[in-house]
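Residue strings, one per chain:
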Amino acid sequence: QVQLVESGGGTVQPGESLNLSCTASGIIFRVHVVGWYRQTPGKQRELVAQIYNTGITDYVDSLEGRFTISRDDAKNTVWLQMNSLKAEDTAVYYCGAGLYTLRVREANYWGQGTQVTVSA
């Protein structure tokens, strides 16, 4: 059974940081592309960042360098370090894994999501 479990969400003030983690089981993690998505009410889930099995990273342009995605295949874990958080970063963040670039094909496996709220 494949599981992706996210953690690290919470409520912070603007300008603060959070580090989300996603730990996988039931898949050969090291061959998968893993990404972080986010979704706000009434909007489609959108890709935020992805990291390939080679370690190459890819971010959406709007992040302005505030987020960093990383992985440790020995721990089957991917992290999303989020700095200088803004109110517009408020969303449910999901971890997704697949075998192809997540810009072209949606993830095959999903976590349950973790809420990030940025509020003064």
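One structure accompanies this document, and this report is about it. (Residues numbered from 1 in each chain as written. Predicted model: local features only at pLDDT ≥ 70, side-chain atom pairs only at ≥ 80, totals over all residues. Heavy atoms only, no water.)

Regarding the state of the cysteines
Under the definition given, this model contains one disulfide. There is a disulfide in this structure between C22 and C95, and the S-S distance comes to 2.0 Å. Judged by the sign of its S-S torsion, about -70°, the bond between C22 and C95 is left-handed. Separated by 73 residues along the polypeptide, C22 in strand β3 (residues 18-25) and C95 in strand β9 (residues 91-98) bring together distant segments of the chain. Taken individually, C22 and C95 each receive the classification buried, so the pair is uniform in this respect. (Disulfide = S-S within 2.5 Å. Helix = DSSP H or I, 4+ residues; strand = E, 2+ residues; numbered from the N terminus. Buried < 20%, exposed > 50% of the residue type's maximum accessible area, 1.4 Å probe, protein only.)

A closer look at the nonpolar core
By size, the foremost hydrophobic cluster in this structure holds 26 residues, and its most contacted members are W36, F67, L80, M82 and Y93. For this core, the elements supplying multiple residues, two or more each, are β3, β4 (33-39), β5 (46-51), β7 (67-72), β8 (77-82), β9 and β11 (114-118). The residues contacting L80, other than those within four sequence positions of it, are L18, N19, L20, W36, A49, F67, T68, I69 and Y93. Counting residues in hydrophobic clusters, the runner-up holds six residues, among them Y37, L47, Y94 and A107. (Core = buried A, V, L, I, M, F, W, Y, C linked by side-chain atoms within 4.5 Å. Contact = heavy atoms within 4.5 Å.)

Comments concerning the packing of aromatic side chains
Scanning the entire structure with this criterion turns up one aromatic pair. Over the ring of Y100 we find R105; its NZ or CZ atom is 4.1 Å from the centre of that ring. (Phe/Tyr/Trp six-rings, centres within 6.5 Å; stacked < 30°, edge-to-face > 60°. Lys NZ or Arg CZ within 6 Å of the ring centre and 35° of its normal.)

Thoughts on empty space enclosed by the protein
Per the counting criterion, the structure on display carries one cavity of 30 Å³ or more. Roughly 30 Å³ of internal volume is contained in the largest cavity. G98, L99, Y100, L102, R105, E106 and N108 together form the lining of the largest cavity. (1 Å grid on protein atoms, 1.4 Å probe; cavity = no way out; pocket = protein on both sides within 12 Å on 5 of 7 lines; lining within 4 Å. Points joined across faces, edges and corners; volume = space filled by probe spheres on them.)

What to know about the sheet that holds β3
Reading across from one edge, β1-β3-β8-β7 is the order of the four strands in this open sheet, with antiparallel pairing throughout. For this open sheet the edge positions go to β1 (3-7) and β7, each flanked by a neighbour on one side alone. With direction set aside, neighbouring strand axes in the sheet form an average angle of 15°. Bridging between β1 and β3 involves five bridges; their strand directions are antiparallel. Counterpart to V5 in the pairing with β3 is T23. (Pairing = 2+ DSSP bridges. Axes fitted to C-alpha atoms, helices over the stretch in contact; angles between N-to-C directions.)

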